[in-house]
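Observations on chain architecture
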Amino acid sequence: MEKSVNNAITIDSVSMEYQTAGGTKRVLHDVSYQVSEGHFVSIVGPSGVGKTTLLRLLTGLATPTNGSIAVRGQELHGPPQGMAVVLQDYTRSLMPWLTVAKNIALPLKRSGLSKSEVAERVMSSLEEVGLSGSGRSYPWQLSGGMQQRVSIARAIASRPSILVMDEPFASVDAQTRFDLEDLVLKVRADFDITTLMVTHDIDEAVYLSDEIVVLRGSPAEVREVVSINIPFPRSQVASRNDPQFAHLRTRVYALVRGLE
Amino acid sequence: MRRAWRWVIAIAVAGWLPVFFIAWWWHASANSKNPYFPPLSKIWTEFKANWIFTLVPVHVVPSLINLFVGFAIAIVLGIGAGTLLGASRTGARYTEPLIDFIRSIPPVALVPIFILLLGLDAKMRIASIAFSATFPILLATIEGVRHTNPVLLETAQTFRLTNQQILWRVRVPYAKPTIFAGLQVGLQIAFVVTIASEYLGSGFGLGAFTLNATDSFLIVDAWTGVILLGVLGYALSLVFDAVERVSLRWYYGQKKLA
């Protein structure tokens with residue numbers, strides 16, 4: 001426990017295999033990485049490389065074939081306490097029979113909070129994502145971008161120390177995407193959350209992250225870990241015009257494409 | 001104003017055929033000498049005498065009480081057992097062949113067995129109704145609870161909800177539209193069995209009334225019974241649709257936007 005006290009997540013020699021009709025398929029091979037407390041880490045790689053598989057292992061929704069994963073020093077057995085997950089398919093991860101407010105309250109069922117505390121949390125979470133007036137709507141009455149804001153509000157309602165997101169902005173338009181990226185940066189700053197994100201968008205990864213993990217190969221291995229030293233707070237205009245930005249996106253692109 | 005017009009048009013679209021049909025029947029049967037097809041005017045006079053509301057307490061109330069009690073039992077059994085079996089893969093695997101076998105028996109065919117077991121009173125009728133209406137509800141509930149969207153299940157797991165909480169807060173609500181489809185079939189079967197169970201050994205109820213009327217060659221009375229059954233069946237399905245619309249507001253709202 002002592003050695004990993006500054007690591008939110010420790011991935012130790014993790015391999016993952018699936019049994020398929022054609023035999024054993026190895027998806028991840030000997031992946032080791034440590035997510036530092038408070039960092040924003042993006043996992044990138046060519047499509048189909050196993051990014052989502054790695055994310056499922058990190059959330060405890062799946063168990064690695066070999067190796068181990070620890071969250072704050074505790075080995076994973078199922079989804080850990082203090083971690084919130086935003087899955088890719090937001091339209092299907094919100095409960096359509098519950099109002100927005102009740103969706104956000106759902107993860108608090110086991111928190112031991114009183115009714116008024118829960119209501120308070122729901123209110124403040126909605127406020128944080130800019131949806132104060134939408135608590136009584138149903139998710140399907142909202143636009144895609146607003147639904148994704150709801151799932152972010154739901155994720156922060158339990159005041160997690162770690163936030164894990166799987167391609168959270170994959171299916172919204174470009175303008176909404178920029179807004180949501182800035183929302184995630186704000187949430188992370190406001191609550192001091194360690195954040196882990198899978199994305200296929202290299203610009204987005206550079207814009208948001210402290211560190212980018214590049215997965216490559218079949219089975220996938222950690223090809224490179226790239227530090228992003230663009231200063232915080234970041235802004236869509238200034239940060240993307242930083243000379244470092246162009247340099248880093250080119251480098252990450254080359255790594256993902258196997259050109260380096 | 002435009003809303004009111006839309007209502008008028010909707011009623012006209014839905015109503016013109018029934019109105020036309022009744023007018024035609026009235027006119028075509030006016031001079032009928034065929035004892036099996038008496039004039040509608042005669043049926044209508046008799047209908048008013050019988051069902052507004054002289055015989056309602058004797059023949060309608062008992063049928064409806066049996067129907068509602070039987071259907072209520074079926075709802076509790078079907079949804080209760082269906083939820084448990086749908087949540088447990090092994091449970092469903094062990095019980096499914098038997099459930100499939102029993103529900104394949106035409107519901108009315110079991111009425112004589114229930115008479116043997118329970119005699120000829122309301123207890124037998126309620127048991128027959130409950131038994132036959134349970135199966136469509138049970139099967140729909142198993143189906144709905146078993147096939148919860150995996151994304152929702154995984155989402156619930158990341159909330160660290162207990163299995164109990166996942167069952168009642170995710171799987172059962174998710175299954176609600178499927179369960180309602182089962183309830184609709186269950187209600188139709190319950191109505192059929194309500195009437196059929198009164199064909200044997202009963203002096204009360206709409207089934208008994210209609211059968212006795214034909215046996216006694218009171219053809220006009222029999223027609224009034226058949227028409228009332230149609231009206232009741234239609235009213236039941238209207239009430240059911242209304243309840244469903246309210247309970248599944250989210251489901252229909254979502255579908256309308258999709």
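This section reports on the structure supplied with the text. (Residues numbered from 1 in each chain as written. Chains lettered and ligands numbered in written order. Predicted model: local features only at pLDDT ≥ 70, side-chain atom pairs only at ≥ 80, totals over all residues. Heavy atoms only, no water.)

Brief notes about the overall build of chain A
When you go through chain A residue by residue, the secondary structure sums to nine helices and 10 strands. Relative to the compact-globule value of 18 Å for 260 residues, chain A shows a C-alpha radius of gyration of 18 Å, a close match. Counting every position in chain A, which comprises 260 residues, the buried fraction comes to 53%. Within chain A, contacts between residues at least 6 apart in sequence are counted, and of these 69% link residues at least 24 apart. Positive and negative side-chain charges of chain A, numbering 26 and 28 respectively, have mean locations separated by a distance of 6 Å. (Helix = DSSP H or I, 4+ residues; strand = E, 2+ residues; numbered from the N terminus. Rg over C-alpha atoms; globule rule 2.2 N^0.38 Å. Buried < 20%, exposed > 50% of the residue type's maximum accessible area, 1.4 Å probe, protein only. Contact = heavy atoms within 4.5 Å. Lys, Arg positive; Asp, Glu negative; His and termini not counted. Charge placed at Lys NZ, Arg CZ, Asp CG, Glu CD.)

Focus on the overall build of chain B
Within chain B, the secondary structure is distributed over 11 helices and zero strands. Listing each helix as α and each strand as β along chain B from the N terminus yields α-α-α-α-α-α-α-α-α-α-α. In terms of C-alpha radius of gyration, chain B reaches 23 Å, well past the compact-globule figure of 18 Å for 258 residues. Taking all 258 residues of chain B together, 41% fall into the buried category. Expressed as a percentage of contacts within chain B between residues at least 6 apart in sequence, the contacts between residues at least 24 apart total 73%. Put simply, chain B shows about 14700 Å² of open surface, and 71% of that area lies on carbon and sulfur atoms. Across chain B, the centroid of the 20 positively charged side chains sits 13 Å from that of the 11 negatively charged ones. (Areas by Shrake-Rupley, 256 points an atom, 1.4 Å probe, with all protein chains shown as cover.)

Topic: the sheet that holds strand S10 (residues 221-227) of chain A
In a beta sheet, neighbouring strands are held together by backbone hydrogen bonds and run either parallel or antiparallel to one another. Residues and elements named next belong to chain A. Sheet architecture is open: six strands sit in the order S6-S7-S8-S3-S9-S10, paired in mixed fashion. A single partner strand is all that each edge strand has here, and the edge strands are strand S6 (83-86) and S10. Across the sheet, the mean angle from the axis of one strand to that of its neighbour is 15 degrees, orientation sign disregarded. Direction of pairing for strand S9 (residues 211-216) relative to S10: antiparallel, over a ladder of six bridges. Pairing of valine 213 across the sheet is with valine 225, part of S10. (Pairing = 2+ DSSP bridges. Axes fitted to C-alpha atoms, helices over the stretch in contact; angles between N-to-C directions.)

Description of the interface of chain A and chain B
At the interface, 23 residues of chain A touch 21 residues of chain B. Both sides together, the interface formed by chain A and chain B hides about 2300 Å², and carbon and sulfur atoms give 67% of it. Applying the counting rule to chain A against chain B returns one salt bridge. Linking chain A to chain B there are three residue pairs in polar contact (both at pLDDT 80 or more). Among the secondary structure elements, those contributing two or more residues to the side of chain A that touches chain B are S6 and helix H2 (90-93) of chain A. A breakdown of the residues in the side of chain A that touches chain B according to their chemical character gives 14 nonpolar, three polar and six charged. (Buried area = accessible area lost by both parts, 1.4 Å probe. Salt bridge = Lys/Arg side-chain N within 4 Å of Asp/Glu carboxyl O. Polar contact = N/O pair within 3.5 Å; in protein donor to acceptor, adjacent residues only side chain to side chain. Nonpolar A, V, L, I, M, F, W, Y, C, P; charged D, E, K, R; others polar.)

Thoughts on the sheet that holds strand S5 (residues 74-75) of chain A
Residue and element names in this part refer to chain A. Reading across from one edge, S2-S1-S4-S5 is the order of the four strands in this open sheet, with antiparallel pairing throughout. Looking at strand neighbours, the two that pair on one side only are strand S2 (23-36) and S5, the edges of this open sheet. Across 10 bridges, strand S1 (residues 7-20) lies against S2 in antiparallel orientation. Considered in S2, the bridge of glutamate 17 is made with arginine 26.

What about the packing of aromatic side chains?
As enumerated under the stated definition, the model contains 15 aromatic pairs over all chains in all. Taken together, a centroid distance of 5.6 Å and an interplanar angle of 65 degrees make the contact between Trp97(A) and Trp250(B) edge-to-face. Residue Trp97(A) is located in the loop between H2 and helix H3 (100-105), and its partner Trp250(B) is located in helix H11 (residues 249-257); the two belong to separate chains. Note on Trp97(A): relative accessible area 10%, which makes it buried. Their ring planes at 50 degrees and their centres at 5.9 Å tell us that Phe37(B) and Trp223(B) sit as a pair that is tilted. Of this pair, Phe37(B) sits in the loop between helix H1 (2-28) and helix H2 (40-51) while Trp223(B) sits in helix H10 (residues 219-247); the two residues are 186 residues apart in sequence, bridging distant segments of the chain. Classification of Phe37(B) by relative accessible area gives partly exposed; the value is 48%. Put simply, the rings of Trp97(A), Tyr174(B), Trp250(B), Tyr251(B) and Tyr252(B) pair up and form one aromatic cluster. (Phe/Tyr/Trp six-rings, centres within 6.5 Å; stacked < 30°, edge-to-face > 60°.)

Description of the pattern of salt bridges
Think of it this way: side chains of opposite charge can pair up when their charged atoms draw near. Residue and element names in this part refer to chain A. Taken as a whole and assessed by the stated rule, the structure comprises 16 salt bridges over all chains. In this structure, the salt-bridge partner of arginine 240 is aspartate 203, at a minimum N-O distance of 4.0 Å. Pair noted here: arginine 240 is in helix H8 (residues 238-241) and aspartate 203 is in helix H7 (residues 202-208), with a separation of 37 residues, a long-range link.

Some points on the environment of Asp173(A)
Residue and element names in this part refer to chain A. Its location among the elements puts aspartate 173 in the loop between strand S7 (162-166) and helix H6 (174-191). Considering only alpha carbons, one finds aspartate 173 and glycine 144, 29 residues apart in sequence, at a separation of 8.9 Å. A polar atom in the side chain of aspartate 173 sits 3.3 Å from the backbone nitrogen of glutamine 175.

Considerations on a positive patch on the surface
Taken together, Lys102(A), Lys109(A), Lys115(A) and Arg169(B) make up a surface patch of like positive charges. Position of Lys115(A) relative to the elements: it lies in helix H4 (residues 115-128). (Patch = residues over 30% accessible without salt bridge, like charges linked within 9 Å, V, L, I, M, F, W, Y side chains within 5 Å.)

Quick word on helix H1 (residues 51-58) of chain A
Here H1(A) lies mainly inside the structure; six of its eight residues are buried. Those residues of H1(A) that sit buried are Lys51(A), Thr53(A), Leu54(A), Leu55(A), Leu57(A) and Leu58(A).

Digging into H2(B)
All names here are of chain B. Compared with the 16 Å implied by 1.5 Å per residue over 12 residues, the 15 Å span of H2 between its first and last C-alpha is a close match. The set of residues buried in H2 consists of Leu40, Ile43, Phe47, Asn50 and Trp51. Around the axis of H2, the buried residues are gathered within 85 degrees of arc, so they sit on the same side. Of the residues in H2, the exposed ones pointing more than 90 degrees away from the buried face are Lys42 and Thr45. On its buried side, H2 packs onto H1, helix H3 (56-87), helix H9 (206-215) and H10. (Expected span 1.5 Å × (residues − 1). Arc of directions from axis to C-beta.)

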